[in-house]
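Descriptive structure summary
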Amino acid sequence: MNKEFKIGNHVIGEHAPVFIVAEMSANHNMDFDRAVRIMRAAKDAGADGIKIQTYTADTITLDCDDPCFQITQGTLWDGTTLHRLYESAYTPWEWQPKLKKIAEDMGLVFFSSPFDFSSVDFLEEMDVPAYKIASFEITDIPLIRKIAQKGKPVIIATGIAHLADIELALDTCREAGNENVILLKCTSAYPTPYEDVNLRTIPSMSDTFECLTGLSDHTMGAAVAGAGVALGARMVEKHLTLRRSDGGADSAFSMEPEEFAQMVEHIRMIEKALGRVTYALTPGQEREREHSRSLFIARDMKAGDIFTSENLRSVRPANGLHTRYYEALLGKRIVRDAKMGTPMSWELVENSVPGSEGK
């Protein structure tokens, strides 16, 4: 898989800034103006992209009350059916071209998760720059194939995936000639308990599948997102709402704008702090070495006195001989008088060649 590609004007890669995406999902609460306000909040908070979901209740499931269509897995949505949930949570399709135009005018990358062939065709007409495969669709190979064939970057969440599911999804993209894929470490629990996140999977996923990796995070707060970046995530996706108290299908585990802004700030600081692998010192660090330890005369000495642990010490600063010579100097004689605080040098040592052993 390619280790660098573009989504809109943003480079996604190992040496590019982390691509930060606000997931709107159902947080618009069926209010177009609220959807626009969420996008503005995302932009103001520093997001690079906004993601929505493109489905209707009828394109994602069946209107059926049989037990297997009931939500009973201990989720926020228990007590209803899949169809009724999605009826209340979908983003009206007539909004989506308008939202894309508004988002792009703001400078946001706008893309979506399609959930069936018709939604892919609809998004292609909108000319979205990338596609997201939601966690629960990673097993829909015909859908992944159709999306991959569009030749646009594919973002795949792995929230319910076994290893074999990930392999099959990636193989499907490759067979379609699409190598621009990023895998998102994801845990499909809403909100996700911290102990279930397993962020160490991010570098393992990158090594195992030789692709870019990111994080789709459903935990509360920003800590997990920052840690994911430190472990190599090149994309971070978090749900965003205006206020959790406003309610809605996804509000309980979504970030508020102030929290999202703080997360973005932390991610950008973490990027700077990660830097590169180097053992070289900055000019400032080199100056600070002047305060490291070295050997000094610790008591007034007369010519002929013997160096002992009382009159020769390792102290700050670094003006004297290196501390590695401490044991070698003990028992030798000083050749001239020296006051306490004199930096130790080979010129003070009897029977030594000045500078012969270095500093």
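The rules we used
- Residues numbered from 1 in each chain as written.
- Predicted model: local features only at pLDDT ≥ 70, side-chain atom pairs only at ≥ 80, totals over all residues.
- Heavy atoms only, no water.
- 1 Å grid on protein atoms, 1.4 Å probe; cavity = no way out; pocket = protein on both sides within 12 Å on 5 of 7 lines; lining within 4 Å.
- Points joined across faces, edges and corners; volume = space filled by probe spheres on them.
- Helix = DSSP H or I, 4+ residues; strand = E, 2+ residues; numbered from the N terminus.
- Nonpolar A, V, L, I, M, F, W, Y, C, P; charged D, E, K, R; others polar.
- Phe/Tyr/Trp six-rings, centres within 6.5 Å; stacked < 30°, edge-to-face > 60°.
- Lys NZ or Arg CZ within 6 Å of the ring centre and 35° of its normal.

For the largest pocket, the calculated volume is near 800 Å³. Lining the largest pocket we find 35 residues, and of these Trp77, Leu85, Tyr86, Phe136 and Tyr190 sit closest to its centre. Contributing elements (two or more residues each) for the lining of the largest pocket: strand 4 (49–54), helix 3 (82–89) and strand 10 (235–239). For the lining of the largest pocket, the residue count by class is 18 nonpolar, 11 polar and 6 charged. Its volume calculated, the second largest pocket comes out at about 470 Å³. Of all the elements in the fold, those that place two or more residues in the lining of the second largest pocket are helix 8 (201–209), strand 9 (212–217), helix 9 (223–230) and helix 10 (257–274). Here the lining of the second largest pocket gets 4 residues from one element, more than from any other, and that element is helix 8. Looking at the lining of the second largest pocket, its residues break down into 10 nonpolar, 5 polar and 4 charged.

Turning to empty space enclosed by the protein, a few remarks are in order. Within the structure shown, the criterion is met by 1 cavity of 30 Å³ or more. As for the largest cavity, its lining consists of Lys185, Cys186, Thr187, Thr192, Val197, Leu215, Ser216, Asp217, His218 and Thr219. Every element with two or more residues in the lining of the largest cavity is listed here: strand 8 (181–186) and strand 9. It is strand 9 that provides the largest number of residues to the lining of the largest cavity, a total of 3 residues. By residue class, the composition of the lining of the largest cavity is 3 nonpolar, 5 polar and 2 charged.

What follows deals with the packing of aromatic side chains. Applying the stated criterion across every chain, the model contains 8 aromatic pairs. Ring centres 5.4 Å apart and planes at 55° place the aromatic pair tryptophan 77 and tyrosine 190 in the tilted group. Placement of tryptophan 77 in the loop between helix 2 (57–60) and helix 3 and of tyrosine 190 in the loop between strand 8 and helix 8 is noted, with a sequence separation of 113 residues between them. On the basis of an interplanar angle of 85° and a centroid distance of 6.3 Å, the ring pair of tryptophan 77 and phenylalanine 253 is categorised as edge-to-face. Placement of tryptophan 77 in the loop between helix 2 and helix 3 and of phenylalanine 253 in the loop between strand 10 and helix 10 is noted, with a sequence separation of 176 residues between them. Aromatic rings pair up to connect Tyr55, Tyr86 and Phe115 into one cluster. Sitting over the ring of phenylalanine 117, lysine 146 keeps its end group 5.3 Å from the ring centre.

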